[in-house]
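Per-entry structural report
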Amino acid sequence: TQSTRPQRLLAAVHKKATRGNPRSVVKAIDEFCNQNEWAMNVGNEKGEILDSVVSETNPGCVLELGTYCGYSTVRIASLLPPHAQLITLEFNPDNAAVARQVIAWAGVAEKVRLVEGESGEWIPKMKEQFGVKTFDLVFLDHWKNRYLLDTKLMEECGLLKKGSVLLADNVVCPGAPDYLEYIRNSPQYKSQFFKSHLEYTKAEDGLEKSVFLG
Ligand SMILES: O=c1[nH]cnc2c(O)c(F)c(-c3ccc(F)cc3)c(-c3ccc(F)cc3)c12
Ligand SMILES: [Mg+2]
C-alpha cells in the first residue's frame, strides 16, 4: 500500500539521523523537506526563532498545540532544562504515531508527553490529568481558527501566569487574523512579531510572541 508523507519523513529520519541525537533528527527532516517533499514542520528559519524563545524562557512546563511529525517537539525538548516537561497535543492519530517514533529516535521521549485528541477537549483537563499548574511556554502550531479559542480557554482554565509566553506559528501564512487582533489589542499581553518565511519556501510568514501580563 502507498506510504504517506509523514511515513516517508520518518523513513528519512531512520536513514539519515543518528539515534539519540536531536540535532541530527532536525537536520534530516529539513533536508527531506528541502530536497524531497514539502511538509508543514516549522522549519529551520522559524525554528531558530523558536529555539531562542525557548532558551530565553527556560521553561519548566511547555504546551505544544499541534505535534504533526514531532519536528518542533524535538527542537523544544532538546533545549529544556532537566526535569522540565513538554506536553504536545495532536488530533490526527496517524501523525501522532509517526511523531512518537521521531521523538523516540531523537532520544527526548522522557521529556515529552504526546496526547492524542482535540485541544478544546484536553486543555480543560490539563490540571487534573497531568498535574499541570501553569504553562511557562505555549507553542501554537495547530489549526489557525483554534488559536484564539484555545488562548481564551487557557486563560479561563487558569493555565497562564504572569510571564507565561505564547508563541504562535503561521500568523501571516495562512494567517490567524482574529488571534492577532485579540492578542495585540489586549492589555493582558505584550506582543512582538518575528518576521520570517513559510517553511522551506520564500513566501512570507512569521511568529507572534506574546507575554501574558496576568
Ligand atoms: O495547518 C497547519 N498547522 C500548523 N502549521 C501549519 C504550517 O506551518 C503551514 F505552513 C501550513 C500551510 C501553509 C501554507 C500552505 F500553502 C500549506 C500549508 C499549515 C496548513 C494551513 C492550511 C491547511 F489547509 C493545511 C495546513 C499549517
Ligand atoms: Mg506551522
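Attention in this report is confined to the structure presented alongside it.

Calculation criteria
Residues numbered from 1 in each chain as written. Chains lettered and ligands numbered in written order. Predicted model: local features only at pLDDT ≥ 70, side-chain atom pairs only at ≥ 80, totals over all residues. Heavy atoms only, no water. Helix = DSSP H or I, 4+ residues; strand = E, 2+ residues; numbered from the N terminus. Rg over C-alpha atoms; globule rule 2.2 N^0.38 Å. Buried < 20%, exposed > 50% of the residue type's maximum accessible area, 1.4 Å probe, protein only. Contact = heavy atoms within 4.5 Å. Lys, Arg positive; Asp, Glu negative; His and termini not counted. Charge placed at Lys NZ, Arg CZ, Asp CG, Glu CD. Donors = N, O, S within 2.8 Å, 3.2 Å for Na, K, Ca; no water. Axes fitted to C-alpha atoms, helices over the stretch in contact; angles between N-to-C directions. Parallel < 35°, antiparallel > 145°, perpendicular 65-115°, else oblique. Nonpolar A, V, L, I, M, F, W, Y, C, P; charged D, E, K, R; others polar. Phe/Tyr/Trp six-rings, centres within 6.5 Å; stacked < 30°, edge-to-face > 60°. Lys NZ or Arg CZ within 6 Å of the ring centre and 35° of its normal. Polar contact = N/O pair within 3.5 Å; in protein donor to acceptor, adjacent residues only side chain to side chain.

Quick look at the overall build of the protein chain now. Scanning the protein chain from N- to C-terminus turns up 10 helices and 7 strands. Here the C-alpha radius of gyration of the protein chain, 16 Å, is about what a compact globule of 214 residues would show, namely 17 Å. In terms of overall dimensions, the protein chain has a C-alpha envelope of 50 × 40 × 35 Å along the principal axes. Every one of the 214 residues in the protein chain was classed for burial, and the buried ones make up 53%. Partitioning the intrachain contacts of the protein chain with sequence separation of at least 6 by distance along the chain shows that 72% fall at a separation of at least 24. Taking the average location of the 25 positive side-chain charges in the protein chain and that of its 27 negative ones, the two points are 4 Å from each other.

Taken together, the protein ligands of the magnesium ion (ligand 2) are Asp-141 (OD), Asp-169 (OD) and Asn-170 (OD1), with distances of 2.0 to 2.2 Å. One chain supplies every donor to the magnesium ion (ligand 2), and in sequence these donors are spaced D-x27-D-N.

Between helix α2 (residues 22–35) and helix α5 (residues 93–106), the least distance of the axes is 8 Å, while the angle of their chain directions is 135°. The angle between the axes of α2 and α5 places the two elements in the oblique class. Contacts between α2 and α5 involve Pro-22, Val-25 and Ile-29 on the former and, on the latter, Val-102, Trp-105 and Ala-106. Considering only residue class, the contact of α2 with α5 consists of 6 nonpolar, no polar and no charged.

All told, the structure shown has 4 aromatic pairs when counted by the stated rule. An angle of 85° between the planes, with centres 5.6 Å apart, marks the rings of Tyr-147 and Tyr-179 as edge-to-face. Separated by 32 residues along the polypeptide, Tyr-147 in helix α8 (residues 147–156) and Tyr-179 in helix α10 (residues 177–185) bring together distant segments of the chain. The structure contains a cluster of three or more aromatic residues connected by ring pairs, namely Tyr-182, Tyr-189 and Phe-212. In this arrangement the basic side chain of Lys-125 is found over the ring face of Trp-122, its NZ or CZ atom lying 4.9 Å from the centre. Positioned over the ring face of Trp-143 is Lys-144, at 3.8 Å from the centre of the ring.

With that settled, the discussion passes to unusual backbone geometry. Between Cys-173 and the following residue, Pro-174, the backbone shows a cis peptide bond with an omega angle of 5°. Phi at Asn-58 is positive, roughly 45°, even though this residue is not glycine. If you trace the backbone, Asn-58 turns up in the loop between α3 (43–57) and β1 (61–65). Although it is not a glycine, His-83 adopts a positive phi angle of roughly 70°. Counting through the fold element by element, His-83 comes out in the loop between α4 (71–77) and β2 (85–90).

The next point concerns the side chain of Ser-210. Position of Ser-210 among the secondary structure elements: in strand β7 (residues 204–212). There is a polar contact of 2.7 Å between the side chain of Ser-210 and the side chain of Ser-191. Excluding anything up to four places from it in sequence, Ser-210 contacts Ser-164, Val-165, Leu-166, Tyr-179, Ile-183, Tyr-189, Lys-190 and Ser-191.

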